[in-house]
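The primary structure of each chain is shown beneath.
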Amino acid sequence: MIYLTRRERFSAAHRLFRQEWSDARNEDVFGKCSNPNWHGHEYILFVTVKGEVNPETGYVINLKELSKIIKEHIIEKLDHKNINLEVDFMNGKMATTENLAIEIWKQLKTPVNKAGAELHSVKIVETENNFVEYFGIKDL
Ligand code: NI
């Protein structure tokens with residue numbers, strides 16, 4: 001088994017808040033990420049796939065193909081967008097990095113399989129000091 005990681009970046013706006021809470025409570029729980037006038041992050045996305053090396057190509061996955069999958073399913077939908085308002089797969093979800101990682105995983109799982117590898121993890125760096133990693137749910 002060999003692991004391969006592709007890095008991509010996107011800039012996006014969001015706000016963490018619950019409609020039914022006061023601005024004060026939202027700020028208390030979500031801090032600066034609750035600013036009513038939105039704010040942005042320069043996100044870094046790491047997509048790791050795994051599999052066996054194809055003896056013909058020497059690849060676990062064709063990177064050109066992996067990059068195209070990530071661009072098409074994730075980057076084009078998120079880059080320079082408002083995560084709360086404009087991203088279909090984040091509809092109705094809190095725009096946290098945790099939820100982003102889970103939803104990005106769901107978007108990528110099938111296309112990565114079709115390209116001949118298995119999705120291993122989705123890692124998102126939101127700020128210099130905060131990042132999230134998701135490894136999916138183990139098949140029983
Ligand atoms: Ni934020």
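Everything below is about the structure printed above this text.
Values in this document were obtained by computation on a predicted structure and should not be read as measured data. (Residues numbered from 1 in each chain as written. Predicted model: local features only at pLDDT ≥ 70, side-chain atom pairs only at ≥ 80, totals over all residues. Heavy atoms only, no water.)

## Things to note about the overall build of the protein
- Looking only at helices and strands, the protein features 4 helices and 5 strands.
- Starting at the N terminus and ending at the C terminus, the protein contains elements arranged as β-α-β-α-β-α-α-β-β.
- With respect to the three principal axes, the spread of C-alpha positions in the protein is 60 × 35 × 25 Å.
- Evaluated residue by residue, the protein yields a buried proportion of 40% over its 140 residues.
- Look at the contacts in the protein between residues 6 or more apart in sequence, and 66% of them connect residues 24 or more apart.
- Carbon and sulfur atoms make up 48% of the accessible area of the protein, which amounts to about 8700 Å² in all.
- Side-chain charges in the protein split into 19 positive and 21 negative, and the spacing between the mean points of these groups amounts to 2 Å. (Helix = DSSP H or I, 4+ residues; strand = E, 2+ residues; numbered from the N terminus. Buried < 20%, exposed > 50% of the residue type's maximum accessible area, 1.4 Å probe, protein only. Contact = heavy atoms within 4.5 Å. Areas by Shrake-Rupley, 256 points an atom, 1.4 Å probe, with all protein chains shown as cover. Lys, Arg positive; Asp, Glu negative; His and termini not counted. Charge placed at Lys NZ, Arg CZ, Asp CG, Glu CD.)

## Quick notes on helix 4 (residues 97-114)
- Its 18 residues place the ends of helix 4 26 Å apart at the C-alpha level, agreeing with the 26 Å of an ideal helix rising 1.5 Å per residue.
- Of all the bends in helix 4, the greatest, near 35°, is centred on Leu-108, and the proline Pro-111 appears no more than four residues after it.
- Within helix 4 the residues assigned to the buried category are Thr-97, Leu-100, Ala-101, Glu-103, Ile-104, Trp-105, Leu-108, Pro-111 and Val-112.
- Immediately beyond the C-terminal end of helix 4, within one or two residues, lies Gly-116, with a positive phi of roughly 100°. (Expected span 1.5 Å × (residues − 1). Bend = angle between axes of the 7 residues up to and from the residue.)

So yeah, pure geometry; function would need other evidence.
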